[in-house]
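A closer look at the structure
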Amino acid sequence: GNATEGRLYHPATFPEVIAVTGMADYNGAPGGGGQPLQGCGTAGDDDSPASFSNWPEASDIGHTVAAPGTCVYTTSSGGTYIFGYGTSYATPMVTGTVVNCLVRSICTGSAATVRAKIVSDAQAANSGANSGYSYTNSGQYGPLINAGLY
């Protein structure tokens with residue numbers, strides 16, 4: 001959700017789903033310091049929670065991941081392009097990551113198994129040198145998905 005609250009709403013609270021929070025990432029690399037592209041605006045500092053995004057309560061963190069939700073350059077009506085903001089932009093990135101994992105048979109089994117793998121892989125990819133890709137703000141936003149694994 002985009003209400004800047006420390007809670008998720010249905011359907012994100014259902015443990016059967018992958019809940020998605022939005023983050024600001026302007027350069028595709030951990031460590032901060034990236035600047036938004038001209039015309040993009042800003043919704044938070046680089047590598048930080050998007051200023052509009054909700055974050056999960058402790059009971060929901062186990063099925064939550066983060067994805068870029070600010071300055072997403074995307075198609076618009078009339079064949080034009082815009083910079084989009086919101087979890088509505090972050091969620092398709094997670095969906096695409098899951099599809100890639102399934103199509104390449106890296107993710108197999110039940111929905112619960114696939115969800116656990118996506119979250120576990122994101123947690124593993126966000127440790128060590130990339131630990132800047134995990135966020136806290138009265139709760140944890142969740143690890144950034146790692147679409148490059150699939």
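Residues numbered from 1 in each chain as written. Predicted model: local features only at pLDDT ≥ 70, side-chain atom pairs only at ≥ 80, totals over all residues. Heavy atoms only, no water.

**Observations concerning the confidence of the model for the protein chain**
The line we're drawing: A residue's pLDDT is simply how confident the predictor is in it, with values from 0 to 100. We count a stretch as a helix when DSSP gives it H or I for four or more residues in a row; a strand needs E for two or more, and each element gets its number in order from the N terminus.
Looking at the protein chain as a whole, its pLDDT mean stands at 83, while 86% of the residues score no less than 70. By mean pLDDT, strand β6 (residues 134–136) is the weakest element of the protein chain at 50, and helix α1 (residues 87–103) is the strongest at 93.

**Topic: the packing of aromatic side chains**
This is how it is decided: Aromatic pairing here means that ring centres of Phe, Tyr or Trp (its six-membered ring) are within 6.5 Å. Orientation follows from the plane angle: under 30 degrees is stacked, over 60 is edge-to-face, and everything else is tilted. Partly exposed describes any residue whose relative accessible area lies between the buried limit of under 20% and the exposed limit of over 50%, with all areas from a 1.4 Å probe on protein chains only and scaled to the type maximum.
This structure, assessed with the given rule, holds 2 aromatic pairs. Each ring, one from Tyr 73 and one from Tyr 81, has its centre 5.4 Å from the other, and the planes form 20°; the classification is stacked. Assessed through its relative accessible area of 54%, Tyr 73 is described here as exposed. A ring pair is formed by Tyr 73 and Phe 83, whose centres lie 5.1 Å apart and whose planes are at 45°; its orientation type is tilted. With Tyr 73 in strand β4 (residues 72–75) and Phe 83 in strand β5 (residues 81–84), the pair connects residues that are 10 residues apart, well separated along the chain. An aromatic cluster is defined as three or more aromatic residues linked by ring pairs; in this entry it consists of Tyr 73, Tyr 81 and Phe 83.

**Re the state of the cysteines**
Inclusion rule: Any cysteine sulfur atom paired with another within 2.5 Å is treated as part of a disulfide.
Counting across every chain of the model gives 2 disulfides. The residue that forms a disulfide with Cys 101 is Cys 107, at a sulfur-sulfur distance of 1.8 Å. Judged by the torsion about the S-S bond (85°), the Cys 101/Cys 107 disulfide is right-handed. We note that Cys 101, like Cys 107, is buried.

**Things to note about unusual backbone geometry**
Not every positive phi belongs to a glycine, and Cys 71 is a case in point at roughly 55°. Its location among the elements puts Cys 71 in the loop between β3 (64–68) and β4. In the Ramachandran plot, Ser 105 falls in the positive-phi region, its phi being about 55° despite a non-glycine side chain. Position of Ser 105 relative to the elements: it lies in the loop between α1 and α2 (111–125).

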